Amino acid sequence: QVQLVESGGGLVQPGGSLRLSCAASGFTFSSYAMGWFRQAPGKEREFVATINGRGSSTVYADSVKGRFTISRDNAKNTVYLQMNGLKLEDTAVYYCAAGRSVSTNRKPYGDWGQGTQVTVSS
């Protein structure tokens, strides 16, 4: 049974940092691309970042490029999202997802976590 459990969300001031973690179980973690998506109130879920199974290739949304870093530790079955320089518009529920291929689209990701809230506010 696939499980994805996000953690690390919280309240942070503009310009601050957070690191999200997503612990995976129930599948061969290193064989799957992992993605981070987010959903703000009243908006559609949007792509943030993705990383391939080996961790050798990453893709970022333009809105987070240069501020966020996705990484993974296959020995720990965990994917991370380091978020620096947070802005008010980064406020959202952040979800991790597992997919067969790297994609900026939601469709290839078949399994999702429950999400973790990130609130950027002064």
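Quick note: structure is the one above.
Conventions used here
Residues numbered from 1 in each chain as written. Predicted model: local features only at pLDDT ≥ 70, side-chain atom pairs only at ≥ 80, totals over all residues. Heavy atoms only, no water. Helix = DSSP H or I, 4+ residues; strand = E, 2+ residues; numbered from the N terminus. Rg over C-alpha atoms; globule rule 2.2 N^0.38 Å. Contact = heavy atoms within 4.5 Å. Areas by Shrake-Rupley, 256 points an atom, 1.4 Å probe, with all protein chains shown as cover. Lys, Arg positive; Asp, Glu negative; His and termini not counted. Charge placed at Lys NZ, Arg CZ, Asp CG, Glu CD. Phe/Tyr/Trp six-rings, centres within 6.5 Å; stacked < 30°, edge-to-face > 60°. Buried < 20%, exposed > 50% of the residue type's maximum accessible area, 1.4 Å probe, protein only. Lys NZ or Arg CZ within 6 Å of the ring centre and 35° of its normal. Pairing = 2+ DSSP bridges.

Enquirer: Quick rundown of the overall build of the chain? Include the residues and the values.
Expert: Scanning the chain from terminus to terminus reveals 0 helices and 11 strands. For the chain, the N- to C-terminal ordering of α and β elements is β-β-β-β-β-β-β-β-β-β-β. For 122 residues, the compact-globule formula gives about 14 Å, and the C-alpha radius of gyration of the chain, at 13 Å, lands near that figure. Dimensions along the principal axes, computed over C-alpha positions, put the chain at roughly 40 × 25 × 25 Å. In the chain, of all internal contacts separated by at least 6 residues, the share reaching a separation of at least 24 is 56%. Just so you have it, the chain exposes about 6,200 Å², and 44% of that area is on carbon and sulfur atoms. Here the chain contributes 13 positive and 8 negative side-chain charges, whose respective centroids are spaced 4 Å apart.

Enquirer: A description of the packing of aromatic side chains should follow, citing residues and the corresponding values.
Expert: The full count for this structure, using the stated rule, is 6 aromatic pairs. The interplanar angle of 75 degrees and the centroid separation of 5.7 Å between the aromatic rings of Phe37 and Phe47 together place this pair among those described as edge-to-face. You can see Phe37 sitting in strand S4 (residues 33-39) and its partner Phe47 sitting in strand S5 (residues 46-51), a full 10 residues away along the chain. Looking at Phe37, the relative accessible area reads 0%, which means it is buried. Here the aromatic rings of Tyr109 and Trp112 are separated by 6.3 Å at their centres, their planes lie at 65 degrees, and the arrangement is edge-to-face. By way of ring pairs, the aromatic residues Phe37, Phe47, Tyr109 and Trp112 are connected into one cluster. Positioned above the aromatic ring of Tyr95, the side-chain terminus of Arg45 is 3.6 Å from the ring centre. We note Arg72 situated over the ring of Phe29; from NZ or CZ to the ring centre the distance is 4.3 Å.

Enquirer: Help me get a handle on unusual backbone geometry, residues and values and all.
Expert: In the Ramachandran plot, Asn77 falls in the positive-phi region, its phi being about 55 degrees despite a non-glycine side chain. Owing to a relative accessible area of 26%, Asn77 belongs among the partly exposed residues under this scheme.

Enquirer: Any details on the side chain of Ser103? Residues and values, ideally.
Expert: Structurally, Ser103 is set in the loop between strand S9 (92-99) and strand S10 (109-112). Given a relative accessible area of 15%, Ser103 falls into the buried group. Every residue in contact with Ser103, bar those within four places of it in the chain, is listed here: Phe47, Thr50, Pro108 and Tyr109.

Enquirer: Quick rundown of the pairing of S5? Include the residues and the values.
Expert: Most of S5 is tucked away, with 5 of its 6 residues classed as buried. Alignment of S4 against S5, held across 5 bridges, turns out to be antiparallel. Across the sheet, residue Gly35 finds its bridge partner in S5, namely Thr50. Remark: 6 residues form the turn of the hairpin made by S4 and S5, two consecutive strands paired antiparallel; Gly42 in that turn has positive phi of roughly 75 degrees. Bridge count between S5 and strand S6 (residues 58-60): 3 bridges; the pairing is antiparallel. In the strand pairing of S6, Ala49 is matched with Tyr60. Counted between consecutive antiparallel strands, the loop separating S5 from S6 contains 6 residues, among which Gly55 sits at a positive phi close to 85 degrees.

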